[in-house]
Amino acid sequence: MTILPDALLARTQELADTLLAPDAARVDQGEVPARHLDAIRRAGVLGVSAPEAYGGADAPDAVAREIQEILAGACGSTWFVQTQHHTPVRMLAKSRLPVREELLRPLASGELLAGIAYAHVRAFPRIPVRATADSDGWRFDGTVPWYTGWGLNDVMLLAGVTDSSEIVFAFADAREQPGVRASEPMRLAAFTAARTVSLELDGLWLPETSVVLRTPQEKFALLDIPRSTNTSPAVFGVTYAALRVLETSGEAETAGALRARVEEVRRAAYELADHPVAHEHVEERLALRTRAYDLMRAATTAAVVAGGGRTMDLRSPAQRLAREGMFLLIQGQTSVVRKAHLDALAQG
């Protein structure tokens, strides 16, 4: 039975309030537990954008964004693992290749959890991972610098670039196997609990039936613009969580003033995210993303200031949110995003 959007949001909020947020400090210093991911699966979150015919909710983008806000504000590390899952689901939903029938239903139901290993293709013309046609499949060689959810998810969406500048996206098991070697999980300023590793690929062979998309690099770059220039819902999720911490510290007036500015930027950012031509209004998207960063930084800083010396305790929610906000400043960062952000900072 399809879960209605309002019910899905209510389930997510209950999950955040009763499990994720109370456990966030412990998870931050450890590892995302399987029970968190199981609870997200049972809530139907993993199929929020999947077609109803495959067991998903097929919810509007506005609902999917709000769910990501709720999760990011409750437990950033858990959010970071599950957020990887939704791009593979969306890509499968648009595909007409055989792998759709194999994977879309188990991913929509949460029977399988997916990760992503393709951000490196944004480094083009540098090619960190090369894809080469080999027999009835593809060989992948190179280094995936960042892969989140190692040991927690089941499959990964991997991408490599061919000698003819075509990007090949294919699914692989998310485990060590011939041609795949993972580093130790990285120790990061935030989200260490999400088990991020680098992957060394040395002749990983995947069959043609695992391919979900082949596209020219130029076309991918155009389609990727909204992903890199729109504001991540997680930025608003962390900002709202910091404002709640500020309110509980007795600083409701400061929180209220910041909240009004956040609401204005959020509304404008999401209106552009829903624009029918996804690669238009790039400068406006970047400006809103930068303003959202500024407000996130202001909110997390205010929460730290209001908390005083006790915020230096690693268990402090204000400090954790400040560290998570720092990570979000560079998540999905491209050269265009970096330049826009630095220019804005230079102008004050």
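Whatever comes next refers back to the structure up there.
Since the structure is predicted, the reported quantities are computational estimates derived from the model, not experimental observations.

Quick notes on the rules
Residues numbered from 1 in each chain as written. Predicted model: local features only at pLDDT ≥ 70, side-chain atom pairs only at ≥ 80, totals over all residues. Heavy atoms only, no water. Axes fitted to C-alpha atoms, helices over the stretch in contact; angles between N-to-C directions. Helix = DSSP H or I, 4+ residues; strand = E, 2+ residues; numbered from the N terminus. Parallel < 35°, antiparallel > 145°, perpendicular 65-115°, else oblique. Left-handed = near helix turned anticlockwise from the far one by under 90°. Contact = heavy atoms within 4.5 Å. Nonpolar A, V, L, I, M, F, W, Y, C, P; charged D, E, K, R; others polar. Core = buried A, V, L, I, M, F, W, Y, C linked by side-chain atoms within 4.5 Å. Buried < 20%, exposed > 50% of the residue type's maximum accessible area, 1.4 Å probe, protein only. Phe/Tyr/Trp six-rings, centres within 6.5 Å; stacked < 30°, edge-to-face > 60°.

With that settled, the discussion passes to the packing of helix H8 (residues 233-248) against helix H11 (residues 317-328). Packing of H8 against H11 leaves a shortest axis separation of 10 Å and a crossing angle of 160 degrees. With respect to H11, the axis of H8 lies roughly antiparallel. The interaxial crossing formed by H8 with H11 has left-handed handedness. In this structure, H8 uses Ala-234, Val-235, Val-238, Ala-241, Ala-242 and Val-245 to contact H11, whose residues at the interface are Pro-317, Ala-318, Leu-321, Glu-324, Gly-325 and Leu-328. In terms of residue class, the contact of H8 with H11 is built from ten nonpolar, one polar and one charged.

Now for the nonpolar core. The biggest cluster of nonpolar side chains holds 64 residues, and the ones touching the most others in it are Ile-67, Trp-79 and Phe-236. Those elements that place two or more of their residues in this core are helix H1 (5-28), helix H2 (34-43), helix H3 (61-74), helix H4 (76-83), H8, helix H9 (252-273), helix H10 (282-307) and H11. Ranked by residue count, the leading element in this core is H8, at ten residues. Contacts of Phe-236, omitting those with residues within four sequence positions, involve Glu-69, Thr-231, Val-262, Val-265, Arg-266, Ala-269, Tyr-270 and Ala-292.

One can find Ala-190 in the loop between strand E6 (180-182) and strand E7 (196-207). For Ala-190, a relative accessible area of 2% translates into the label buried. Those residues in contact with Ala-190 that lie beyond four places of it in its chain are Arg-323, Glu-324 and Phe-327.

To continue, consider unusual backbone geometry. Cis geometry marks the peptide bond from Phe-124 to Pro-125; its omega dihedral reads 20 degrees. Note that Pro-125 resides in the loop between strand E1 (114-117) and strand E2 (129-134). We note that Phe-191 has phi near 65 degrees; this positive angle belongs to a residue other than glycine. Along the chain, Phe-191 turns up in the loop between E6 and E7. Not every positive phi belongs to a glycine, and Arg-195 is a case in point at roughly 55 degrees.

For the structure on display, the rule yields ten aromatic pairs. On the numbers, 5.1 Å between centres and 75 degrees between planes, the contact of Phe-80 with Phe-327 is edge-to-face. Within this pair, whereas Phe-80 is found in helix H4, its partner Phe-327 is found in helix H11, the two being separated by 247 residues in sequence. Phe-327 carries the same exposure label as Phe-80, and that label is buried. Measuring from ring centre to ring centre gives 5.7 Å for Tyr-118 and Phe-169, while their planes differ by 70 degrees; the resulting arrangement is edge-to-face. You can see Tyr-118 sitting in the loop between E1 and E2 and its partner Phe-169 sitting in strand E5 (residues 166-173), a full 51 residues away along the chain. Judged by relative accessible area, Tyr-118 falls into the buried class, the value being 6%.

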